[in-house]
Structures are given as C-alpha cells and as structure tokens.
Amino acid sequence: MGKINFRISYLLILIFFSGNFIYSQNYTIGYDVKFRPKVEDSTKVFEKYLLNINAETKESFFKFQDLNYSDFNANIFKNSSKDIFKKYEMILYKFYSSDYLFPTKWELLKQKKEILGHKCENASISFGGREWIAWYTMEIPIQDGPYKFSGLPGLILEISSNDNDYQFFATSIEKKTDAIKPFPAIPMGNLQKEITFKENIIREPAAQYKQNLMQSNMKVSVSFNGKQSSDKEIIETINSSFLEWMEGHNNPIEKGMIWVK
C-alpha cells in the first residue's frame, strides 16, 4: 500500500512539474535592435522589439514594440510545426507580408558567457550577405530568436553581424506570452514577387494614391499648417518623402534586398 501511495505521489509530482515546464516555455523576450541604416553614415539607430513565443503551438512573432513607427520595419512570424514563415513590413502606411526560408546551417563554437542570468554558448552563420555570431542558452530549449534567426538548440539572446552594422540584445525575459496574432496584411508572395512588387513601388510611390483618386473621381484637398494642398501636391509629397527615406536607408539587414517604408 505504501509503495502504491509513493508511486501515485511521484506521478502527481511529475505531472505538476511537467505542466509548469510546458507553461514556462511560453515567453516574451524584449530585444534592443541596434543598426546602421546608411552605408555612408556611421550613425546607428536603437529600437525596441518583442519576441512572443508559444512553445505549445510552436509559433512566435517578432514585432516592433512601438506600433506607430519603426525604421527597421521588419516583423517576423514563425510557425515551425506548419512550416509557415512570414515577414511583415509597413509600406506607405499599409502592412504587407512575404514568405521566406531561413538556412539553419549554424557552426557551433566553444565560447561561453552569461546573459540575463542564463549560461550561453556561441555559434556562427552566414546569412543575408553577412557573417553573424549568436549567443544562445540551452537553459531555454527553444530553437528561436530575434528576426529570422532560428535553429539553434536554445533561445538566441544576442546576435551581431561581424561588421557591427546590426546587433540584437535581449533585455528582458518573461515567462508569459501575449496572443500571437500577425497583422492583417496584403500578401506579396515569395522573394521574387516581393522584389518585383517593391521595384514597382519605387518607380511611382504615389501610384496607389493616384488610383484611389481615379476610382473616387474626385479631387482631394488637405490642409497642413494652415495651407491647402492639392492632390497634385500630395502626390509630389508622397513621392519625395518615400525616396528621401530610401536615400537614408541603403544598408538593409540582408544585402541585396529592397528596403522601403
């Protein structure tokens, strides 16, 4: 009888701790993103992002913390159980999505250090025309990290490009997660379709605005700083603002990609 009670007690303890372990794998990690947007300028920008992870559904969402504005302008949804990987960008005040694949060909290295109280090891990878060094912790055995980075035997808490143009630093770890809900977005498709779509936008950023005017068959006048702007002036402003932003952002995280906003 004593053995039976012991086995039942042991089983209950296992169930209790395994349940807590599953729950503890749902995380919200805060990251500082530091990057150099313009090749000819050494100035760097700091932004704050969140990585929400639900280990039970094998989903995560890396999104900017301030929904009003982000220069980095990249939000990443991963669902490893269904092989769904999407990037979300805001382009001319609308969200667009594109599909991607990440090559998880990491080289495990031997250095160790501590980050936010967790023992970490490092690894390297070639990705997006850059060489990267990542620090991950097997104390949180989730194969995920900031941006598109994933596939290591533990959560990536820090990763930097060797040229120091891009750096991601974990600043907080909470054992909870918000609901993982990607933004409603207009699909661009795969990489080639994304590039074609962006090339068309660059040719005429205000094309969608002009199309809306034609469909509504009416002229628009907007008051700004006490001055009335015609639809022609609005179109010129959209085009010039878009191209001005691009001139100051010619160093995308993945070289060869088109960085627009």
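Small disclaimer: the values here were computed from a predicted structure and weren't measured. (Residues numbered from 1 in each chain as written. Predicted model: local features only at pLDDT ≥ 70, side-chain atom pairs only at ≥ 80, totals over all residues. Heavy atoms only, no water.)

### Digging into the pairing of strand S2 (residues 45-54)
Reasoning step 1: Across the ten residues of S2, seven count as buried, placing the element largely inside the fold.
Reasoning step 2: Bridge count for strand S1 (residues 27-35) against S2 is nine bridges, and the pairing is antiparallel. Bridging across to S2, Asp32 finds its partner in Lys48.
Reasoning step 3: Across six bridges, S2 lies against strand S3 (residues 59-64) in antiparallel orientation. Across the sheet, residue Leu50 finds its bridge partner in S3, namely Lys63. (Buried < 20%, exposed > 50% of the residue type's maximum accessible area, 1.4 Å probe, protein only. Helix = DSSP H or I, 4+ residues; strand = E, 2+ residues; numbered from the N terminus. Pairing = 2+ DSSP bridges.)

### Remarks on the packing of aromatic side chains
Reasoning step 1: Under the definition given, this model contains 29 aromatic pairs.
Reasoning step 2: Where Tyr49 meets Phe62, the ring centres are 4.8 Å apart and the plane angle is 20°; that geometry is what we call stacked. Separated by 13 residues along the polypeptide, Tyr49 in strand S2 and Phe62 in strand S3 bring together distant segments of the chain. Neither residue differs from the other here; Tyr49 and Phe62 are each classed as buried.
Reasoning step 3: Between Phe72 and Phe168, the ring centres sit 5.9 Å apart and the planes meet at 70°, which makes this aromatic pair edge-to-face. Note that Phe72 is positioned in the loop between S3 and strand S4 (75-79) and Phe168 in strand S11 (residues 166-174), a separation of 96 residues in sequence.
Reasoning step 4: Its relative accessible area of 0% is what places Phe168 among the buried residues. (Phe/Tyr/Trp six-rings, centres within 6.5 Å; stacked < 30°, edge-to-face > 60°.)

### Some remarks on the pairing of strand S5 (residues 84-91)
Reasoning step 1: Burial analysis of S5 places six of its eight residues in the buried class, which makes it a mostly covered element.
Reasoning step 2: As judged from the five bridges shared by S4 and S5, these two strands associate in the antiparallel manner. When the sheet's bridge partners are listed, Asn79 is paired in S5 with Ile84.
Reasoning step 3: Hairpin remark: S5 followed by strand S6 (residues 94-99), antiparallel, with two residues in the connecting loop; positive phi at Leu92, about 50°.

### Side note on the nonpolar core
Reasoning step 1: Formed by 57 residues in total, the largest nonpolar core has its most connected members in Phe62, Phe72, Trp106, Trp132, Tyr147, Phe149 and Phe168.
Reasoning step 2: Here this core gets five residues from one element, more than from any other, and that element is S1.
Reasoning step 3: The residues touching Phe62, leaving out its near neighbours within four places in the chain, are Tyr31, Val33, Tyr49, Leu50, Leu51, Phe72, Ala74, Asn75, Ile76, Pro146, Tyr147 and Phe168. (Core = buried A, V, L, I, M, F, W, Y, C linked by side-chain atoms within 4.5 Å. Contact = heavy atoms within 4.5 Å.)

### So, the environment of Pro187
Reasoning step 1: Examined against the element boundaries, Pro187 turns out to sit in strand S12 (residues 186-189).
Reasoning step 2: Classification of Pro187 as exposed rests on a relative accessible area of 64%.
Reasoning step 3: It is 9.1 Å that separates the C-alpha atoms of Pro187 and Tyr88, two residues lying 99 residues apart in sequence.

### With respect to the sheet that holds S6
Reasoning step 1: Pairing in this open sheet of twelve strands is mixed, and the strands run S7-S8-S9-S10-S11-S1-S2-S3-S4-S5-S6-S12 from one edge to the other. Only two strands of the sheet have a single partner each, and these edge strands are strand S7 (107-115) and S12. Pairwise comparison of adjacent strand axes, ignoring direction, gives a mean angle of 25° for this sheet.
Reasoning step 2: Together, S5, S6 and S12 form the strand contacts of helix H2 (residues 191-203), whose direction differs from that of S5 by roughly 5°. (Axes fitted to C-alpha atoms, helices over the stretch in contact; angles between N-to-C directions.)

### A few points about unusual backbone geometry
Reasoning step 1: Unlike most non-glycine residues, Asp83 shows phi in positive territory, near 55°.
Reasoning step 2: Looking at the secondary structure, you find Asp83 in the loop between S4 and S5.

### As for the side chain of Glu254
Reasoning step 1: Note that Glu254 resides in the segment after helix H4 (231-247).
Reasoning step 2: Looking at Glu254, its side chain comes within polar contact range of the side chain of Lys148, at 2.8 Å.
Reasoning step 3: What Glu254 contacts, discounting residues up to four positions off in sequence, is Phe127, Gly128, Tyr147 and Lys148. (Polar contact = N/O pair within 3.5 Å; in protein donor to acceptor, adjacent residues only side chain to side chain.)

### Looking at the confidence of the model for the chain
Reasoning step 1: Per-chain confidence: the chain averages 86 in pLDDT, with 83% of residues scoring 70 or above.
Reasoning step 2: Taken as a whole, residues 1-24 scores under 50 in pLDDT and shows four contacts with residues more than four places along the chain or in a different chain. (pLDDT = per-residue confidence, 0-100.)

### So, the pattern of salt bridges
Reasoning step 1: All told, the structure shown has 13 salt bridges when counted by the stated rule.
Reasoning step 2: Residues Lys198 and Glu89 are paired through a salt bridge, measuring 2.9 Å at the closest nitrogen-oxygen approach. Residue Lys198 is found in helix H2, and its partner Glu89 is found in strand S5; the two are separated by 109 residues along the sequence.
Reasoning step 3: Judged by relative accessible area, which is 1%, Lys198 ranks as buried.
Reasoning step 4: The partner of Glu254 in a salt bridge is Lys148, and the shortest N-O contact between them spans 2.8 Å. Separated by 106 residues along the polypeptide, Glu254 in the segment after H4 and Lys148 in the loop between strand S9 (130-137) and strand S10 (155-161) bring together distant segments of the chain.
Reasoning step 5: Judged by its relative accessible area of 5%, Lys148 is buried.
Reasoning step 6: In this structure, a network of salt bridges that share partners links the residues Arg36, Arg130, Asp163 and Asp165. (Salt bridge = Lys/Arg side-chain N within 4 Å of Asp/Glu carboxyl O.)

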